[in-house]
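Observations on chain architecture
Given next are the chains, with one letter for each unit.
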Amino acid sequence: MARAKTDWRQNSACGSSDADALFADSPRQKRAKVICMGCPVRTECLAEALDERIEFGVWGGMTERERRVLLTRQPNVASWAFVLEAARDRVDRVAPRAG
């Protein structure tokens, strides 16, 4: 079942992080992406950034440059939330998450 659009932020790994770290310049973006790697709502975060065409910061483990490349390669995606949740569901069927 899909989460509500604003609900995911309450469970984000970055919620207690310094916001400046997530909107860092290129050399510091790698550190910001580490925060995302274990985040339980990474998919929802990335989907929102892609669906809303957010241009700045690290969202869902992707920099603005990485998101721009993805959007350019897949210009006809109407809902990244749908695409990413479907992909996560396929992965979970193959290798269920612990917990």
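Scoring rules and cut-offs
- Residues numbered from 1 in each chain as written.
- Predicted model: local features only at pLDDT ≥ 70, side-chain atom pairs only at ≥ 80, totals over all residues.
- Heavy atoms only, no water.
- 1 Å grid on protein atoms, 1.4 Å probe; cavity = no way out; pocket = protein on both sides within 12 Å on 5 of 7 lines; lining within 4 Å.
- Points joined across faces, edges and corners; volume = space filled by probe spheres on them.
- Helix = DSSP H or I, 4+ residues; strand = E, 2+ residues; numbered from the N terminus.
- Nonpolar A, V, L, I, M, F, W, Y, C, P; charged D, E, K, R; others polar.
- Axes fitted to C-alpha atoms, helices over the stretch in contact; angles between N-to-C directions.
- Parallel < 35°, antiparallel > 145°, perpendicular 65-115°, else oblique.
- Left-handed = near helix turned anticlockwise from the far one by under 90°.
- Contact = heavy atoms within 4.5 Å.

The calculated volume of the largest pocket comes to roughly 260 Å³. Taken together, 16 residues line the largest pocket, and the ones lying closest to its centre are Trp-8, Ser-12, Cys-14, Leu-22 and Cys-45. Among the elements of the structure, α2 (26–37) and α3 (42–51) are those that each provide at least two residues to the lining of the largest pocket. When grouped by side-chain class, the residues that make up the lining of the largest pocket number 11 nonpolar, three polar and two charged.

The next subject is the packing of α3 against helix α4 (residues 64–73). Axis separation between α3 and α4 bottoms out at 10 Å; the angle between their running directions is 65°. It follows from the interaxial angle that α3 and α4 lie roughly perpendicular. In this structure, α3 meets α4 at a crossing whose hand is right-handed. Where α3 abuts α4, its residues Leu-46, Ala-49 and Leu-50 lie against Arg-67, Leu-70 and Leu-71. Of the residues that constitute the contact of α3 with α4, the class distribution is five nonpolar, no polar and one charged.

These values are about where atoms sit, not about what they do.
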